[in-house]
Amino acid sequence: MEIEAKYAISDPSVFDTLLELRAVGSYRLRPTGERQVIDHYLDTAERDLLKAGYACRLRESEADRQWRLTVKGLGKAEGARHEREELECEVPPHSTPSDWPECPAREVVLRASEGRPLAELFALRQLRATRAVEQGERGVGELSLDTVDSEIAGHESHARELEVELAGAGTEDDLRAIDDQLRQYDLEPQASSKFERALAQLDGEKRARKPRKKKKSVGVTADEPMAEAGRKILRFHFEALHDMRVATRRQRAALRIVSPHFKKKAVKPIRDELRTLADRLGAVRDLDVLIEAAERHRSSRRPDAAAALDPLLEEWRARRDEARHALLRHLDSGEYRDFIKRYDEFLSSPGAGVKGHAEETPNPQLVRHALPAEVWDHYARVRAYETVMSWASLETIHALRIEAKRLRYLLEFFQEVLGPGLSGTIEALVKIQDHIGELHDADVTIGLLRNFLVRSAQVSRNPLVGEEVGRYLKLTEARLRTLQRTLKRPWKRVTGPRLRTTLARAVARL
């Protein structure tokens, strides 16, 4: 029988604090490793295993040659406590029940399925950090901190969870004592298993699924000049300026790609104005993100501690309001209105500003001629960071994010001609971009918190203000360390052979 306690962790900073723990009350937490696993959940088309009261899982791990078959009963839960039957054995990778060795887990599957084939319901990716729970010489159990990613029916989800599973020498008293110690971290008892939550999501998505609207086409073709393809891309995102920050960012990325095909005097004023706009939008966005994270942390604290964070939030909101007023003044200026008019005219005038080519030797001007070099040049600029990743500073890692973003935008801009097989590549680039973005936000937050602690008069007037801001600082520093340590996960996907093969196939279509 498997007996364990499960907790959901909604606050990333709490998760990072728990990663740093080496004791819970009188129980020592001894780190035993960190590994990436993929859990494949299987059943028949008619869900025969589920009807028989079981979940079947194949666990894949890079560290193991064999996969682990686990068959679990759908047990009952009382709050955080779970108890259920569990049968396990090792099986060959990618094998079917007929290839599994004889063991009780195989017998349950064959009996419940009556020999019908199994298919994958869904897969969950987990990064597991494990700790041996010990009290003196007694091995009590294992504590694991899991980061769980899934994509079910096209819907991505991300969750963090803590589990404490009793070992042979562990008792129910140990589980209750550990539960008492963990309550200070505002954990939520998790009454359902990962399998049950993912299954509910799968069934819910199937019921709610609606026909997807066809994505609006940019209209780029492989046989048109890069300059005019660029004009189409710029026009497309110019029309999306209602989401100004994203649209401006994409405009700058597109302009950077196609500007060599235009006269400098035609695109320089546009580039300069877009940079100014991006800076003003970014100042508001950065403070919005910091304030939202701080408010989320504040909501997890008891009332008196939450109130002690108000001076910090008030200062940040004042800065945000100042940045927003500066943005609105800029958008309301005559210079900005003139820019929009001139830019609209440029985008509506094919041939305007395009470089002439008087040389007899042809230059690569068409999309199918110029784009392959752009794709590999952008990828080379990303991959070049593998020479410095082991010791890269935060500034260098942020520069990597910019290069990954530029490659992603290039692939998105020209996806019509590169073909439909790029979704996984774009997803990998989004993952590393988001990861480094969160790392950058944590670094900026740390600087602002330290500045507040040193400079603010509120800290000297009210010791609780300094205590709570200091606590938030420590949590953010722990989050930063975690993000630095786990960066290798999204980076490995970007530099792997699968992504390069996908790019090569896409370029070959041209």
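Thresholds applied
- Residues numbered from 1 in each chain as written.
- Predicted model: local features only at pLDDT ≥ 70, side-chain atom pairs only at ≥ 80, totals over all residues.
- Heavy atoms only, no water.
- Helix = DSSP H or I, 4+ residues; strand = E, 2+ residues; numbered from the N terminus.
- Buried < 20%, exposed > 50% of the residue type's maximum accessible area, 1.4 Å probe, protein only.
- Contact = heavy atoms within 4.5 Å.
- Areas by Shrake-Rupley, 256 points an atom, 1.4 Å probe, with all protein chains shown as cover.
- Phe/Tyr/Trp six-rings, centres within 6.5 Å; stacked < 30°, edge-to-face > 60°.
- Expected span 1.5 Å × (residues − 1).
- Salt bridge = Lys/Arg side-chain N within 4 Å of Asp/Glu carboxyl O.
- Pairing = 2+ DSSP bridges.
- Axes fitted to C-alpha atoms, helices over the stretch in contact; angles between N-to-C directions.
- Left-handed = near helix turned anticlockwise from the far one by under 90°.
- Nonpolar A, V, L, I, M, F, W, Y, C, P; charged D, E, K, R; others polar.
- Lys, Arg positive; Asp, Glu negative; His and termini not counted.
- Core = buried A, V, L, I, M, F, W, Y, C linked by side-chain atoms within 4.5 Å.
- Parallel < 35°, antiparallel > 145°, perpendicular 65-115°, else oblique.

1. Brief notes about the overall build of the protein
Piece 1. In terms of helices and strands, the protein carries 19 helices and 12 strands.
Piece 2. Principal-axis analysis of the C-alpha atoms gives the protein an extent of 80 × 70 × 45 Å.
Piece 3. A burial count over the protein gives 47% of its 510 residues as buried.
Piece 4. Of the contacts made within the protein by residues no fewer than 6 positions apart, 71% connect residues no fewer than 24 positions apart.
Piece 5. Accessible surface computed for the protein: about 26,200 Å², of which carbon and sulfur atoms make up 50%.

2. A short note on the packing of aromatic side chains
Piece 1. Inspection of every chain in the model, using the stated rule, returns eight aromatic pairs.
Piece 2. With centroids separated by 6.0 Å and ring planes inclined at 35°, the aromatic side chains of phenylalanine 122 and phenylalanine 195 adopt a geometry described as tilted. Separated by 73 residues along the polypeptide, phenylalanine 122 in strand β9 (residues 119-135) and phenylalanine 195 in helix α5 (residues 194-208) bring together distant segments of the chain. Per residue, the accessibility class of phenylalanine 122 equals that of phenylalanine 195, and both read buried.
Piece 3. An aromatic cluster is built from Tyr41, Phe122 and Phe195, whose rings are joined through pairwise contacts.

3. Structural notes on helix α6 (residues 226-238)
Piece 1. Across its 13 residues, α6 extends 18 Å between first and last C-alpha, which sits within 8% of the 18 Å expected from 1.5 Å per residue.
Piece 2. Of all 13 residues in α6, 11 are buried; the element is thus mostly enclosed.

4. Looking at the pattern of salt bridges
Piece 1. Within this structure, the stated rule accounts for 59 salt bridges.
Piece 2. Here arginine 197 ties to glutamate 161 by a salt bridge, and the two come within 2.6 Å at their closest N and O atoms. Of this pair, arginine 197 sits in helix α5 while glutamate 161 sits in strand β11 (residues 155-166), placing them 36 residues apart in sequence.
Piece 3. A relative accessible area of 2% means that glutamate 161 is categorised as buried.
Piece 4. For lysine 268, the salt bridge identified is with aspartate 272, shortest N-O distance 2.9 Å. Remark: aspartate 272 and lysine 268 occur in helix α8 (residues 264-299); sequence separation between them is four residues, near one turn of the helix.
Piece 5. A single salt-bridge network, built from bridges that share partners, covers Glu2, Glu4, Lys6, Lys72, Arg84, Glu86, Arg128, Asp146, Glu161, Glu163, Lys194 and Arg197.

5. Focus on the pairing of strand β7 (residues 81-84)
Piece 1. Side chains His82 and Arg84 of β7 all project onto a buried face; the interleaved residues Arg81 and Glu83 project onto a face where none is buried.
Piece 2. Pairing between strand β1 (residues 2-8) and β7: four bridges, direction antiparallel. If you follow glutamate 4 over to β7, its bridge partner there is histidine 82.
Piece 3. Examined bridge by bridge, strand β6 (residues 76-78) and β7 share three bridges and lie antiparallel to one another. Bridging from a neighbouring strand, glutamate 78 pairs with arginine 81 of β7.

6. Concerning the packing of helix α10 (residues 310-331) against helix α15 (residues 423-455)
Piece 1. Two elements in contact, α10 and α15, have axes whose closest approach is 11 Å; the angle formed by their N-to-C orientations is 115°. Crossing geometry of α10 relative to α15 is assigned as right-handed. Here α10 contributes Pro311, Leu312, Glu315, Trp316 and Arg319 to the contact with α15, which in turn contributes Thr445, Leu448, Leu449, Asn451, Phe452 and Arg455.
Piece 2. Here the contact of α10 with α15 is built from residues that sort into six nonpolar, two polar and three charged.

7. Things to note about the side chain of lysine 405
Piece 1. Here lysine 405 shows up in helix α13 (residues 394-413).
Piece 2. Nearest to the buried, unbridged lysine 405 among oppositely charged side chains is aspartate 286, at 9.9 Å.
Piece 3. Excluding residues that lie within four positions of it along the chain, lysine 405 makes contacts with Arg249 and Gln433.

8. So, the pairing of strand β8 (residues 86-91)
Piece 1. Residues Leu87, Cys89 and Val91 of β8 are buried on one face, while the alternating residues Glu86, Glu88 and Glu90, pointing to the opposite face, are not.
Piece 2. Pairing between strand β5 (residues 67-73) and β8: six bridges, direction antiparallel. In the strand pairing of β8, lysine 72 is matched with glutamate 86.

9. Brief notes about the environment of histidine 297
Piece 1. For histidine 297, the position within the fold is in helix α8.
Piece 2. Histidine 297 sits 24 residues away from aspartate 321 along the chain, and the two C-alpha atoms are 21 Å apart.
Piece 3. The residues contacting histidine 297, other than those within four sequence positions of it, are Asp11, Ser13, Leu309, Arg471, Tyr472 and Leu475.

10. Focus on the nonpolar core
Piece 1. Core analysis: the largest hydrophobic core is formed by 61 residues, its most contacted members being Tyr343, Leu411 and Phe414.
Piece 2. Examining the composition of this core, we find that eight residues originate from one element, α13, more than from any other.
Piece 3. When near neighbours in sequence (up to four residues on either side) are disregarded, leucine 411 contacts Val375, Leu418, Leu422, Thr425, Ile426, Leu429 and Leu503.
Piece 4. Membership of the second largest hydrophobic core comes to 26 residues, among which are Leu18, Tyr27, Tyr185 and Leu187.

11. Here's the deal with unusual backbone geometry
Piece 1. We note that arginine 47 has phi near 60°; this positive angle belongs to a residue other than glycine.
Piece 2. Looking at where arginine 47 falls in the secondary structure, it is placed in the loop between β3 (27-43) and α2 (48-51).
Piece 3. When its relative accessible area of 17% is taken as the criterion, arginine 47 is described as buried.
Piece 4. Here histidine 94, not a glycine, exhibits a phi torsion of approximately 60°, which is positive.

12. So, the packing of α8 against α15
Each pair of packed helices can be summarised by the angle the axes make with each other and by the distance between the axes.
Piece 1. Direction vectors running N to C along α8 and α15 enclose 80°, while the axes themselves pass 11 Å from each other. As the angle between them shows, α8 and α15 are arranged roughly perpendicular. Here Arg285, Val289 and Leu290 of α8 lie close against α15, whose contacting residues are Asp441, Val444, Thr445 and Leu448.

13. With respect to the environment of leucine 234
Piece 1. Residue position: leucine 234 is located in helix α6.
Piece 2. Along the chain, leucine 234 and leucine 347 lie 113 residues apart, while their C-alpha atoms are 7.2 Å from each other.
Piece 3. If sequence neighbours within four positions are ignored, leucine 234 has contacts with Gln251, Ala254, Leu255, Val258, Tyr343 and Leu347.

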